[in-house]
There are 2 protein chains.
Amino acid sequence: MIRQTLEKKAALIEKRLDELLGEYCCKGKLCDAMSYSLMAGGKRLRPALCLITAGLFNAENEALDFACCLEMIHTYSLIHDDLPAMDDDTLRRGKPTSHVVYGEGMAILAGDGLLNLAFEVMSDLTANADGDYTARYAKVMSVIAKASGVRGMIAGQAADLEFEGKGNSEEILSYIHDKKTAEMIKASVLCGAMIGGADDVQTERLEQYGKSIGLVFQIIDDILDVSGVEQDLGKSTGKDEAAGKQTFVSLYGIKKSKELAQKETQKAVDALGIFGMDADNLKQLAVYLLSRDR
Amino acid sequence: MIRQTLEKKAALIEKRLDELLGEYCCKGKLCDAMSYSLMAGGKRLRPALCLITAGLFNAENEALDFACCLEMIHTYSLIHDDLPAMDDDTLRRGKPTSHVVYGEGMAILAGDGLLNLAFEVMSDLTANADGDYTARYAKVMSVIAKASGVRGMIAGQAADLEFEGKGNSEEILSYIHDKKTAEMIKASVLCGAMIGGADDVQTERLEQYGKSIGLVFQIIDDILDVSGVEQDLGKSTGKDEAAGKQTFVSLYGIKKSKELAQKETQKAVDALGIFGMDADNLKQLAVYLLSRDR
C-alpha cells in the first residue's frame, strides 16, 4: 500500500517540478541539463516524506513547493557527487550521469542552478506568504539550508572526499553518513512538520523518526552497494569497496548491519506512537525503507 | 576619497565575513577551502555597493550581513568559474586558485558551501527579523536569488560556456555580460535600497545606476584583460582572446569600448540626481569603476 502512496506522491511532485522548471528556467542547454537530472525519476523519497508528514496536519498543499525544493537540492548533490573529481560515476537513476551527457562544466552549472533554484523558489514562497506564514516559511528555509549546508550535507560530502581510502574509524563513518544522507532525510520530515504547524512534542517525535529512518536508509544503501543489482538500482554498485570506503557492511558485515537497521526501524515506528493511526503511512514507509531492494 | 571609503567598507565586510565563517562553519578542509577564497581580498565591490546604497537610508548596519552574502555568492562563482572544466584558471586575487590548492573535488564543494551558506545566513536573518522586516528581508533574498540564479548569473556562465569559441554575435555578448556580471552588481545596489526601505522612484533610479555601472564594470574588465598587468589584477590576463571569447574589445576595439563605458558612467551619475549630495559616494564610485586599473 505504501508503494502506491509513494507513486502517487512522486507523480504529484514530478508534475510540480516540471511546472517550476517552466516558470523559473530560461531556455537553453543549462535548463536542459537541469531538467535531465531532475526529471530522471528516482524514489522522490525526501519530498514524499515532507508531503506525508505535512499531511498529518492537513498541510500537504502548502508543503508541495518546499518538497520540490528538497528534491532539487538532492538532485544537485547527486550531479556534483557523480563528477569525475568526486565519485566519478557514469550511471545514475538508470541513465548516463549529467557530465557524461552535457560535459563537466555544464554539469557543475546544472548543479549550481538547482541549488540556487531551490532557494529562489523558497524565497519567493516566503516573500509572498500571508501573515504568520512569512516567518514560518523563513524558518523552514533555514532548517533546509542548515541540513544541506556546511554543517550538514556538504560537510558529509567533504569528509567523504577527505577520508576516502584512509580506513576510517567508526566515528568518521557515522559522521559522514549522518551528515551526507541522514540530515536531509531528517530535515524533510521536520519541515513537513513545521509547515503543518506541529507543536513541540510532535516536532520532537517526528525528528526522532526522521533521524532513525535516515540511518536505516544509509545502512540499506551500503548493503545494496554490495548485494544489489545494478539494473534495479539504476546506479553503479561495488563502488564503495573499490574506492576503499568504509561502510556499515565493511565495518559490521551484512548480518549485523541488517540487525542495526531493524532496530532503528523499530525506533522510528515507536516514535510515532502519539499520532496513532494517522501516522500509518509514515510507519509503513519506515518498514518499506528497511526492505527496499532498489 | 572613494578609495578610502571602499577600503573602510572592505575592512568592515572582511571582519564580518570572518565572524560568519566562525559562526556557521565546521572545522576541517572544507571550511579551510571556503575561507581561503573568501578571505583572499578582492575589491569587495558588490558588498560595498550594497552597504553604500543602504547608507543613503541610514540602514548600513541592517545591510551588513546581506552584503556579506553577496560576497559569498560572488566568491563561489569565481571558484567554480576557475575550475579546469570551466575557465581553467590558476591565479585569482593574486593567489593560486582553489582547485590548485585543495583539488577539484574540494573546490567544487567549497563553492557549493559558499552558495548554500549565503542562503543559510539570509534565511536566518529573515526568520529572526522583527515584524515587517521578515517580509522585506524575504524579498531581498528573492532579488538576490534571482540575480545569482538560472535567469541571472548562472545563465550567463552557461551561455559563456556554450558559445565559447563560436564567434558570438553582439547580442550573445551582451546577454552573457548582462547575466554573468551586471545582474549581481545591479542586485547589490537594489538590495541595499530595499533593505533601506527606498520608495518606488528611488528604487527605479538606483536600479538604473546599478545597471549602468554593471555594464561599465564588464567593459573595463574586458579592456584590462587585454591591457592590464597580471600582477596588479591578481588574475591571469589574455584569457578571453586565448579562449576565442567575444568581448567588448574584440567587438568594438579599445577606443570605442572606452567611449561606451564613459557614456554609461554618465548615465549612472545622472540617475542619482534626485539624491543630491547624499549620493556623492555612489557617484564617485561610478567614476572610479571607469578609471580602475585592477
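Scroll up for the structure.
The rules we used
- Residues numbered from 1 in each chain as written.
- Chains lettered and ligands numbered in written order.
- Predicted model: local features only at pLDDT ≥ 70, side-chain atom pairs only at ≥ 80, totals over all residues.
- Heavy atoms only, no water.
- Helix = DSSP H or I, 4+ residues; strand = E, 2+ residues; numbered from the N terminus.
- Rg over C-alpha atoms; globule rule 2.2 N^0.38 Å.
- Buried < 20%, exposed > 50% of the residue type's maximum accessible area, 1.4 Å probe, protein only.
- Contact = heavy atoms within 4.5 Å.
- Areas by Shrake-Rupley, 256 points an atom, 1.4 Å probe, with all protein chains shown as cover.
- Buried area = accessible area lost by both parts, 1.4 Å probe.
- Salt bridge = Lys/Arg side-chain N within 4 Å of Asp/Glu carboxyl O.
- Polar contact = N/O pair within 3.5 Å; in protein donor to acceptor, adjacent residues only side chain to side chain.
- Axes fitted to C-alpha atoms, helices over the stretch in contact; angles between N-to-C directions.
- Parallel < 35°, antiparallel > 145°, perpendicular 65-115°, else oblique.
- Nonpolar A, V, L, I, M, F, W, Y, C, P; charged D, E, K, R; others polar.
- Left-handed = near helix turned anticlockwise from the far one by under 90°.
- Disulfide = S-S within 2.5 Å.

Visitor: Mind showing me how you'd approach the overall build of chain A here?
Guide: A tally of regular secondary structure across chain A gives 14 helices and 2 strands. The C-alpha radius of gyration computed for chain A amounts to 18 Å, which stays within 12% of the reference 19 Å derived for 294 residues, consistent with globular compactness. By residue count, 60% of the 294 residues in chain A fall in the buried class. Partitioning the contacts of chain A with sequence separation of at least 6, the portion at a separation of at least 24 is 74%. A total accessible area of about 11500 Å² is found for chain A, and carbon and sulfur atoms account for 47% of it.

Visitor: Hey, could you run me through the interface of chain B and chain A in this one?
Guide: Note: interface size is frequently given as the accessible area lost on complex formation between the parts. With 46 residues of chain B at the interface, the matching set in chain A holds 45 residues. Taken together, both faces of the contact between chain B and chain A bury some 3800 Å²; the carbon and sulfur share is 69%. Inspection of the chain B/chain A interface yields 2 salt bridges. One salt bridge connects Arg-151 of chain A with Glu-120 of chain B, and the closest N-O pair in it is separated by 2.6 Å. Remark: the boundary between chain B and chain A carries 12 residue pairs in polar contact (both at pLDDT 80 or more). When residues of the side of chain B that touches chain A are assigned to their parent elements, the largest contribution, 15 residues, is made by helix α6 (residues 104-127) of chain B.

Visitor: I tried to follow the environment of Cys-26 of chain A on my own but got confused; where do I start?
Guide: Mapping Cys-26 of chain A onto the fold places it in the loop between α1 (2-24) and α2 (29-38). In this structure the C-alpha to C-alpha distance between Cys-26 of chain A and Ile-213 of chain A, which are 187 residues apart in sequence, comes to 37 Å. Look past the residues within four positions of Cys-26 of chain A in its chain and what remains in contact with it is Cys-31 of chain A together with Val-150, Arg-151, Ala-155 and Tyr-175 of chain B.

Visitor: When you look at the packing of helix α1 (residues 2-24) of chain B against helix α3 (residues 45-55) of chain B in this model, what are you seeing that I'm missing?
Guide: Any two packed helices are characterised by the angle at which their axes cross and by the distance between the axes. Residues and elements named next belong to chain B. As a packed pair, α1 and α3 sit with axes 9 Å apart at the nearest point and diverge in direction by 105 degrees. Here α1 is positioned roughly perpendicular relative to α3, judged by the angle of their axes. Contacts between α1 and α3 involve Thr-5, Leu-6, Lys-9, Leu-12 and Ile-13 from the former and Pro-47, Ala-48, Leu-51 and Ile-52 from the latter. Here the residues of the contact of α1 with α3 sort into 7 nonpolar, 1 polar and 1 charged.

Visitor: Which parts of the structure should I look at to understand the pattern of salt bridges?
Guide: Charged atoms that come close allow side chains of opposite charge to pair. Residues and elements named next belong to chain A. All told, the structure shown has 30 salt bridges over all chains when counted by the stated rule. Here Lys-267 and Glu-264 are joined by a salt bridge, their closest N and O atoms 3.5 Å apart. Here Lys-267 pairs with Glu-264, and both are found in helix α13 (residues 248-271), just 3 residues apart, close to one helical turn. Relative accessible area serves as the criterion here: at 12%, Glu-264 is assigned to the buried category. Several salt bridges share partner residues, and in doing so they unite Glu-14, Arg-44, Glu-71 and Arg-93 into one network.

Visitor: Which parts of the structure should I look at to understand the packing of helix α3 (residues 45-55) of chain A against helix α4 (residues 60-81) of chain A?
Guide: Residues and elements named next belong to chain A. Across the interface, α3 lies against α4 with an axial gap of 8 Å and an inter-helix angle of 160 degrees. Judged by the angle between their axes, α3 and α4 are roughly antiparallel. Here the hand of the crossing between α3 and α4 comes out right-handed. Two secondary-structure elements touch here, α3 through Arg-46, Pro-47, Cys-50, Leu-51, Ala-54 and Gly-55 and α4 through Glu-60, Ala-63, Leu-64, Ala-67, Leu-70, Glu-71 and His-74.

Visitor: Sorry if this is basic, but what is going on with the state of the cysteines here?
Guide: Any covalent bond linking the sulfur atoms of two cysteines counts as a disulfide. If you walk through the whole model with that rule in mind, you get 2 disulfides over all chains. Here Cys-25 of chain A pairs with Cys-31 of chain A through a disulfide, and the sulfurs are 1.9 Å apart. Disulfide Cys-25 of chain A-Cys-31 of chain A: the torsion about the S-S bond is -85 degrees, which places it as left-handed. Given the relative accessible area of 15%, Cys-25 of chain A is considered buried. Cys-68 of chain B forms no disulfide, and the closest cysteine sulfur to it belongs to Cys-69 of chain B, at a distance of 6.9 Å.

What is shown is where atoms sit, not what they do.
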